[in-house]
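Architecture at a glance
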Amino acid sequence: MASGNSEKQPKYQRIANALKAAIESGEYRPGDRLPGENDLMETYGVARMTARQALGVLQSEGIAEARKGAGVFVRDFKPLRRRGIQRLAQEQWGSGRSIWSADIENRTLVVDQVAVTEEGAPEHVAPVLGVEPGEATCVRSRRFVLDGKPVLLSTSYLPAQLVAGTRITEEDTGPGGTYARLAEIGAKPVHFREEIRSRMPTANETARLGLGAGTPVILVCRTAFAEEGQAVEVNEMTLDAASYVLEYDFDA
C-alpha cells in the first residue's frame, strides 16, 4: 500500500523524500553540499525543472539552504525552540533576565539594527493601546541574531506618555528589559495575548533575515496588558519559519 502511494507522488517529491532520508540517515550531515540539479538529472533521469523542484522542497521545509554560486547545502542551524509561556513568566523578566534566556540556553544572541523613535500610532495599533490614531508612541525596532543567523525582526509600540523619561526610550532598556521597566512605573504586565499567522516574506524581510528561496515567515503579534486590562505594549514580530519550533506547554 505504501509503495503504491509513493508511486502516485510527483517525481520531484519522490526525489525530495530520498534526499530527506539520506539526510536523516547521516549520509549528508549539517553543512554538507547536496547533489546539484545536474547530479539529480543524471541519477533519476528527470528534467532540470523536476530536479530544481525537488531541491526547492527541501529549502521550503527549512532542511536545506541555497548558497549563491555554491549549491544547496544541508542547514547546519539548530532550530530555536520558542517556549511561548515560560519565556513571558514574571520570574524571567522580574528577576532581571531576558525573556530570551528561556529559549537560547548557551547559544549566542546578538541584538542589532536597534532603533528607538517616537511616531504616530498606526491605525491598527492605536485602538489596542487605547490611544488615538497618530497619537505619539514609542517605537522600538530591532533584529535578533542567533549563532550568527538572523532569526527575528521585532517592532514594539508603547504609549509615549506612559514611558517618557524611562530607559524604554533608550536603546538599552537594562536588566529584565521593557517589562521590568514597565513594572517600575506601575504598569507591570500581568497578562499577554499572542496572535500567530504566517505568509511569504516581503523583499525587505527576506534581506534582513537572510531567508532562502521559498521560506515563509511566522508573524507573532503580542499584546501586554497591565492591571485592569490596559494594553501597555503591542509587539509585532516576524520570525524565520525555518529557524523556529513554537512550543506551548500548559496544564489541562
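This text goes with the structure placed above it.
Residues numbered from 1 in each chain as written. Predicted model: local features only at pLDDT ≥ 70, side-chain atom pairs only at ≥ 80, totals over all residues. Heavy atoms only, no water.

1. Brief notes about the packing of helix 3 (residues 37-44) against helix 4 (residues 48-60)
Worth spelling out the cut-off: Inter-axis angles, ranging from 0 to 180 degrees, are taken between N-to-C directions of lines fitted to C-alpha atoms, where helices are fitted over the stretch in contact. Numbering of helices and strands starts at the N terminus; helices are DSSP runs of H or I of at least 4 residues and strands are runs of E of at least 2. Here is the rule for angles: anything less than 35 degrees is roughly parallel, anything more than 145 is roughly antiparallel, 65 through 115 is roughly perpendicular, and the remaining ranges are oblique. In this scheme the crossing of two helices becomes right-handed for a clockwise turn of the near helix relative to the far one and left-handed for an anticlockwise turn of less than a right angle. The contact criterion used throughout is that any non-hydrogen atoms of two residues lie within 4.5 Å. Gly counts as polar in this scheme, as do all residues outside two lists: the nonpolar Ala, Val, Leu, Ile, Met, Phe, Trp, Tyr, Cys and Pro, and the charged Asp, Glu, Lys and Arg.
Where helix 3 meets helix 4, the axes come as close as 9 Å, and the angle between the chain directions of the two elements is 115°. In terms of axis orientation, helix 3 runs roughly perpendicular to helix 4. By crossing handedness, the relation of helix 3 to helix 4 is classed as right-handed. Note on element contacts: helix 4 touches helix 3 through Arg48, Ala51, Arg52 and Leu55, opposite Glu37, Asn38, Leu40 and Met41. Class assignment for the residues of the contact of helix 3 with helix 4 results in four nonpolar, one polar and three charged.

2. Quick notes on a nonpolar patch on the surface
This is how it is decided: A patch consists of residues whose relative accessible area exceeds 30% and which take part in no salt bridge; residues with like charges are grouped when within 9 Å of each other, and nonpolar side chains (Val, Leu, Ile, Met, Phe, Trp, Tyr) when within 5 Å. A 1.4 Å probe and the Shrake-Rupley method give the accessible areas. Residues count as covered only by the protein chains that appear here. Whenever a carboxyl oxygen of Asp or Glu lies within 4 Å of a side-chain nitrogen of Lys or Arg, that contact is scored as a salt bridge.
Together, Ile196, Tyr248 and Phe250 give the surface a local cluster of nonpolar side chains, amounting to about 310 Å² of exposed area. Positionally, Phe250 belongs in the segment after strand 10 (244-247).

3. Here we look at the packing of aromatic side chains
Put simply, the rule reads: Pairing of aromatic side chains requires ring centres within 6.5 Å, counting the rings of Phe and Tyr and the six-membered ring of Trp. Pairs whose planes differ by under 30 degrees are stacked, by over 60 edge-to-face, and all others tilted. By the criterion adopted, a ring carries a charge over it if an Arg CZ or a Lys NZ lies within 6 Å of its centre and within 35 degrees of its normal.
Enumeration according to the criterion identifies one aromatic pair in this entry. A cation over an aromatic ring shows up here: Arg67 above the ring of Phe73, its NZ or CZ 4.2 Å from the ring centre.

4. Let's talk about the nonpolar core
If you look at soluble globular proteins, the nonpolar side chains tend to sit buried side by side. Using the following cut-off: We define the nonpolar core as a collection of buried residues of types Ala, Val, Leu, Ile, Met, Phe, Trp, Tyr and Cys that are connected through side-chain atoms lying within 4.5 Å of one another. When a residue's accessible area, from a 1.4 Å probe over protein chains only, is under 20% of the maximum for its type it is buried; when over 50% it is exposed; and in between it is partly exposed.
Of all hydrophobic cores here, the largest spans 17 residues; its most connected members are Ile15, Leu19, Ile23, Tyr28, Leu34, Leu40 and Leu58. Mapped by element, the contributors of at least two residues to this core are helix 2 (11-25), helix 4 and strand 2 (71-74). Residues within four places of Ile15 in sequence aside, it is in contact with Leu40, Tyr44, Val46, Thr50 and Ala54. Counting residues in hydrophobic clusters, the runner-up holds 12 residues, among them Val151, Ile218, Val220 and Tyr244.

5. Section: the layout of surface pockets
Inclusion rule: The rule is simple: put a 1 Å grid over the protein atoms alone, call a set of points where a 1.4 Å probe fits but cannot get out a cavity, call an open set with protein on both sides within 12 Å along at least five of seven lines a pocket, and count a residue as lining if it has an atom within 4 Å of a point. Grid points are joined across faces, edges and corners, and a volume is the space filled by probe spheres set on the points.
Considered as a void within the structure, the second largest pocket measures approximately 220 Å³ in volume. In this structure, the second largest pocket is lined by 16 residues; those nearest its centre are Glu195, Arg197, Val220, Cys221 and Glu236. Broken down by secondary-structure element, the contributors of at least two residues to the lining of the second largest pocket are strand 7 (191-199), strand 8 (217-225) and strand 9 (231-240). Broken down by class, the residue content of the lining of the second largest pocket amounts to seven nonpolar, three polar and six charged.

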